[in-house]
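Survey of secondary and tertiary structure
These are the residues of each chain, in order.
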Amino acid sequence: MMVRSASGNVSDVIDAVIGAGGNNVEITDTQFYVSDGLLREIQNALREEAVNHAATTAATLAKSIGAALGAVTYITDSFYAPYQPYAAMAANDVGLSPEKLTTVVSTGTQKVEGSIGLTYEICA
């Protein structure tokens, strides 16, 4: 089963499945990941920010040596979003009836790493 949004409804879905299936349901694992579309959006925003930062830094360095910044001559781009599954964690409060127990799901975080390299021409 795939739930598209983890914003509060994963626990409700798990509770409903368990409620409907009773003792016949066994959930052994949950996994969370960033969709390809959202990952591309994040990467593109990070690329734009990194390129702007690189241009500002390069211009400052060129100015500090009395030179002007020329054209970009080389670009490298590398992004990585490792798959990081997180197991669901259930909270069992002692003293509550089974009907009042709810499933607690910790989604954790997913790291997106990237690197942008720009080489500029320096003009005297």
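Anyway, here's the lowdown on the structure attached to this text. (Residues numbered from 1 in each chain as written. Predicted model: local features only at pLDDT ≥ 70, side-chain atom pairs only at ≥ 80, totals over all residues. Heavy atoms only, no water.)

**Describing the overall build of the protein chain**
Each helix and strand counted, the protein chain has two helices and two strands in total. The order of α-helices and β-strands along the protein chain, N terminus first, is α-α-β-β. Burial status across the protein chain gives 15% buried among its 124 residues. Within the protein chain, contacts between residues at least 6 apart in sequence are counted, and of these 75% link residues at least 24 apart. As displayed, the protein chain offers around 9200 Å² of accessible surface, 54% of which is attributable to carbon and sulfur atoms. (Helix = DSSP H or I, 4+ residues; strand = E, 2+ residues; numbered from the N terminus. Buried < 20%, exposed > 50% of the residue type's maximum accessible area, 1.4 Å probe, protein only. Contact = heavy atoms within 4.5 Å. Areas by Shrake-Rupley, 256 points an atom, 1.4 Å probe, with all protein chains shown as cover.)

**A word on the environment of Glu48**
Mapped onto the elements of the fold, Glu48 is located in helix α2 (residues 36-64). With relative accessibility at 54%, the residue Glu48 sits in the exposed group. In this structure the C-alpha to C-alpha distance between Glu48 and Ile116, which are 68 residues apart in sequence, comes to 9.7 Å.

**Regarding the side chain of Gln43**
By secondary structure assignment, the location of Gln43 is in helix α2. When sequence neighbours within four positions are dropped, the list of residues in contact with Gln43 reads Phe79 and Val112.

**A word on α2**
Along an α-helix, residues three or four apart share an orientation, since each turn contains 3.6 residues. With 29 residues, α2 should cover 42 Å at 1.5 Å per step; its first-to-last C-alpha distance of 41 Å lies within 8% of that length. Inspection of α2 places Leu39, Gln43, Ala58 and Ala62 among the buried residues, and these make up the whole buried set. Buried positions along α2 lie against β1 (68-80) and β2 (113-123). Backbone geometry just downstream of α2 places Gly66 in the positive-phi region, at approximately 75°. (Expected span 1.5 Å × (residues − 1).)

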